[in-house]
Amino acid sequence: MRFWIVNSELPWHDRTSGGLRLFTLIELLCEAGHHCEYVLSTPEAERQRLGARDYARYCGDLAALGVSLLEGIPSRISGVAPDAVIFEWFIVARELLPRLRWLCPHARLIVDSVDLTYQRWHAKADLSGLPEDRAHADRVETEELDTYAAADLVLTLTDEDARELDRRLPGLPSFNIPNIHTLPGTRREEATPPSVLFIGSFSHQPNVDAVRWFHGSIWPSIRQRVPDVKWIIIGGDAPPDILAMADAQVTVAG
């Protein structure tokens, strides 16, 4: 089969869990003999986000799999039409699914949800109690479910997400693909006790909120009870206030 993978960014397989999952999924499709093309919907914005060197590096990683890159959505099919189009995230599909439905009328249109975004926004609204947060969550919920309803298939990440989607959109075909991580060979190393480890990309706002909350609400109590404790924070794109948390007991490793 011929697949188009449509996304607004390249698969950052060494920076984010979602990027690694997507890159590995593409790798598995290629290994199974399918032909994949990566359609980057906003190449200039991605080039600015990453810089020329990292942009070229991620493009090269796709090329090493035999995946060609299309910069921008084509205005017409110049070669063989795809059999299936996978949109990464509902936000990308919300904007582009109608156009791809017209451009590739015979292709199956698949939305990879990665997670059900509206649930995250509702969780934030539950915590903040702000009417504007609830209104935003309601708006995202409507847009997200409408996008899934227009697809031929939705990919979910967890069994819980699959059950929620079946409850909200009964009869919509879905398939669960969890995180795909190849475990390298391991070796045992004694960590300097006691220590706390956080791993998460700070391009994902919930990770930013988590570290800020932990640092302000939990970390002082831990330090009081365990004076020699260390905290290691691992993840790219940390904002300035998280970088400023570094001290003798907190390492912001990047």
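See the structure above.
Residues numbered from 1 in each chain as written. Predicted model: local features only at pLDDT ≥ 70, side-chain atom pairs only at ≥ 80, totals over all residues. Heavy atoms only, no water.

> Tell me about the side chain of Ser201, and name the residues and values.
Along the polypeptide, Ser201 turns up in the loop between β8 (195-199) and α8 (205-225). Judged by relative accessible area, which is 10%, Ser201 ranks as buried. Those residues in contact with Ser201 that lie beyond four places of it in its chain are Arg15, Thr16, Asn207, Gly236 and Asp237. (Helix = DSSP H or I, 4+ residues; strand = E, 2+ residues; numbered from the N terminus. Buried < 20%, exposed > 50% of the residue type's maximum accessible area, 1.4 Å probe, protein only. Contact = heavy atoms within 4.5 Å.)

> Residue-level account of the pattern of salt bridges, with values.
Here the structure, examined in full by the defined rule, presents 19 salt bridges. The residue Asp54 makes a salt bridge to Arg15 at a minimum N-O spacing of 2.5 Å. Taken together, the residues Asp54 in helix α3 (residues 52-64) and Arg15 in the loop between β1 (2-7) and α1 (17-31) connect sequence positions 39 residues apart. Residue class for Asp54 comes out buried when judged on its relative accessible area of 16%. (Salt bridge = Lys/Arg side-chain N within 4 Å of Asp/Glu carboxyl O.)

> I'd like to hear about the packing of helix α5 (residues 117-128) against helix α6 (residues 131-149), residue by residue, with values.
α6 packs onto α5 with a crossing angle of 170° between their chain directions and a minimal axis gap of 8 Å. Taken together, the axes of α5 and α6 lie roughly antiparallel to each other. Note that α5 runs across α6; the crossing there is left-handed. Here Thr117, Tyr118, Trp121, His122, Lys124, Ala125, Asp126 and Ser128 of α5 lie close against α6, whose contacting residues are Asp133, Arg134, His136, Ala137, Asp138, Val140, Glu141, Glu144 and Leu145. Its residues placed into classes, the contact of α5 with α6 shows six nonpolar, four polar and seven charged. (Axes fitted to C-alpha atoms, helices over the stretch in contact; angles between N-to-C directions. Parallel < 35°, antiparallel > 145°, perpendicular 65-115°, else oblique. Left-handed = near helix turned anticlockwise from the far one by under 90°. Nonpolar A, V, L, I, M, F, W, Y, C, P; charged D, E, K, R; others polar.)

> Describe in detail a nonpolar patch on the surface, supporting the description with residues and values.
Residues Leu197, Ile199, Ile232 and Ile234 make up a contiguous nonpolar surface patch of roughly 350 Å² in combined accessible area. Here Ile199 lies in strand β8. (Patch = residues over 30% accessible without salt bridge, like charges linked within 9 Å, V, L, I, M, F, W, Y side chains within 5 Å. Areas by Shrake-Rupley, 256 points an atom, 1.4 Å probe, with all protein chains shown as cover.)

> Provide a residue-level description of the side chain of Glu46, including the pertinent values.
Note that Glu46 resides in helix α2 (residues 43-50). Of the residues examined, Glu46 reaches a relative accessible area of 0% and is grouped as buried. Separated by 2.8 Å, the side chain of Glu46 and the backbone nitrogen of Leu10 make a polar contact. With sequence-adjacent residues up to four places away left out, Glu46 is seen in contact with Ser8, Glu9, Leu10, Trp12, Leu40 and Tyr55. (Polar contact = N/O pair within 3.5 Å; in protein donor to acceptor, adjacent residues only side chain to side chain.)

> I'd like a rundown of α6, residues and numbers included.
The end-to-end C-alpha distance of α6 is 27 Å, a good match for the 27 Å that 19 residues give at a rise of 1.5 Å each. Those residues of α6 not exposed but buried are Asp133, Ala137, Val140, Glu141, Glu144, Leu145, Thr147 and Tyr148. Viewed end-on, α6 has its buried residues packed into an arc of 150°, placing them on one side of the element. Away from the buried face of α6 by more than 90 degrees, exposed residues Pro131, Glu132 and Asp146 are located. Its buried side turned inward, α6 meets α4 (90-103), β5 (108-112), α5, β6 (153-156) and α7 (159-168). (Expected span 1.5 Å × (residues − 1). Arc of directions from axis to C-beta.)

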